Amino acid sequence: MDEVAARVRVVVIDDDAMVLKALDTALTDLGYDVKSFEDPRKGLDWIREDGCDIVVADICMPHTDGFEVLRRVKEIDPGCDLIFITAHAQIDTAVRALREGATDFFEKPLTISALHAAMVRTTRYRELHRKSEILTDKLNILQG
């Protein structure tokens, strides 16, 4: 089990049941605490109630598209990161995703190793950012 993965709560949202099952199984096998949802509305409800660290979401879904999921996740928890996956990748979509706050963007089919590497990078960045905030607070206290 990966040391980083063991501390990370992940919500996977994808309307494709086969992709959802494959991601859930692979990420669970890597040690992540995974909850999966075919319906983005149910996934958002879970995040609102129980929180998470990283959301892995498809962009093209019925009811609520990935950009709406991103907007709502950031309203619920601005510190939660979102990684997009999509079968309909275009440069302008990837640029929009990153500009609107997604951490990463992958085209389907994706490799689990690439997704895992992105999740590790994201988690390590979060930890460094948190430590930086703690040090800044301590410095401000010392400066008085």
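Scroll up to find the structure.
Note that the structure is predicted; figures quoted are calculated from it, not measured.

A. Quick look at the packing of helix α2 (residues 40-50) against helix α3 (residues 66-76). In the contact formed by α2 and α3, the axes pass within 10 Å of each other and the chain directions differ by 10°. Between α2 and α3, the angle is such that the two are roughly parallel. Contact residues: α2 offers Pro-40, Leu-44, Ile-47 and Arg-48, while α3 offers Val-69, Arg-72, Val-73 and Ile-76. Per-class residue counts for the contact of α2 with α3 are 6 nonpolar, no polar and 2 charged.

B. Layout of the sheet that holds strand β3 (residues 54-58). Read across the open sheet, the 5 strands follow the order β2-β1-β3-β4-β5; overall the sheet is parallel. Looking along the sheet, the strands with just one partner apiece sit at the ends: β2 (33-37) and β5 (104-107). Direction aside, the axes of adjacent strands within the sheet are offset by 20° on average. As judged from the 5 bridges shared by β3 and strand β4 (residues 81-86), these two strands associate in the parallel manner. By the bridge assignment for β4, Val-55 is matched with Leu-82. Helix-sheet contacts for helix α1 (residues 17-29) involve β1 (9-13), β2, β3 and β4, and the interaxial angle to β2 is about 175°.

C. Quick look at the side chain of Asp-58. Counting through the fold element by element, Asp-58 comes out in strand β3. Residue classification places Asp-58 among the buried positions, given a relative accessible area of 4%. At 3.5 Å, the side chain of Asp-58 forms a polar contact with the backbone nitrogen of Cys-60. Reaching out from Asp-58, the side chain makes a polar contact with the side chain of Lys-108 at a distance of 3.3 Å. Contact partners of Asp-58, with chain neighbours within four places excluded, come to Ile-13, Asp-14, Asp-15, Gly-66, Phe-84, Ile-85, Thr-86 and Lys-108.

D. Spotlight on the nonpolar core. Ranked by size, the top nonpolar core spans 21 residues in total, and within it Val-11, Ile-13, Val-55, Val-69, Val-73, Leu-82 and Phe-84 carry the most contacts. For this core, the secondary structure elements donating two or more residues are β1, α2, β3, α3, β4 and α4 (91-99). With 4 residues, the single largest contributor to this core is α3. If we skip the residues at most four places from it in the chain, Ile-13 touches Leu-20, Phe-37, Asp-39, Pro-40, Gly-43, Val-55, Val-56, Ala-57, Asp-58, Met-61 and Val-69.

E. Molecular detail of the packing of aromatic side chains. Under the criterion given, the structure shown has 2 aromatic pairs. A centroid spacing of 6.2 Å and a plane angle of 40° characterise the contact between Phe-37 and Trp-46, whose relative ring orientation is tilted. Measuring from centroid to centroid gives 5.3 Å for Phe-67 and Phe-84, while their planes differ by 55°, and the two rings are tilted. Of the two residues, Phe-67 sits in helix α3 while Phe-84 sits in strand β4, which places them 17 residues apart along the sequence. Residue classification places Phe-67 among the buried residues on the basis of a relative accessible area of 8%. Over the ring of Phe-67 we find Arg-96; its NZ or CZ atom is 3.7 Å from the centre of that ring.

Criteria and cut-off values
Each chain has its residues counted from 1, running along the sequence as written. Local features in a predicted model are, by the rule used here, given only for residues with pLDDT of at least 70; side-chain atom pairs are given and counted only at 80 or more, and totals for whole chains, interfaces and linings are based on all residues. Processing note: side-chain calculations cover all non-hydrogen atoms of the structure and skip hydrogens and water entirely. Axis lines are fitted to C-alpha atoms, over the contacting stretch for helices. Their N-to-C directions set the angle, which ranges from 0 to 180 degrees. Only DSSP runs of H or I reaching four residues or more are called helices, and only runs of E reaching two or more are called strands; each is numbered from the N terminus. Our angle categories are set so that under 35 degrees counts as roughly parallel, over 145 as roughly antiparallel, 65 to 115 as roughly perpendicular, and the remainder as oblique. Residue contacts follow a heavy-atom distance rule, with two residues in contact if any of their heavy atoms lie within 4.5 Å. In this classification, Asp, Glu, Lys and Arg are treated as charged, Ala, Val, Leu, Ile, Met, Phe, Trp, Tyr, Cys and Pro as nonpolar, and every other residue, Gly included, as polar. In this description, strands pair whenever DSSP reports at least two bridges between them. Only protein chains enter the accessibility calculation, which uses a 1.4 Å probe; a residue whose area is less than 20% of its type maximum is buried, one above 50% is exposed, and one in between is partly exposed. Polar contacts here mean pairs of N or O atoms no more than 3.5 Å apart (in protein, one a potential hydrogen donor and the other a potential acceptor; neighbouring residues in sequence count only if both atoms are side-chain atoms). Nonpolar cores were defined as sets of buried Ala, Val, Leu, Ile, Met, Phe, Trp, Tyr and Cys residues, with membership established by side-chain atoms within 4.5 Å. To pair, rings of Phe, Tyr and Trp, with the six-membered ring standing in for Trp, must have centres within 6.5 Å; the planes then decide the type, stacked if under 30 degrees apart, edge-to-face if over 60, and tilted in the middle. Two conditions define a charge located above a ring, namely a distance within 6 Å from the ring centre to NZ of Lys or CZ of Arg, and an angle within 35 degrees of the ring normal.

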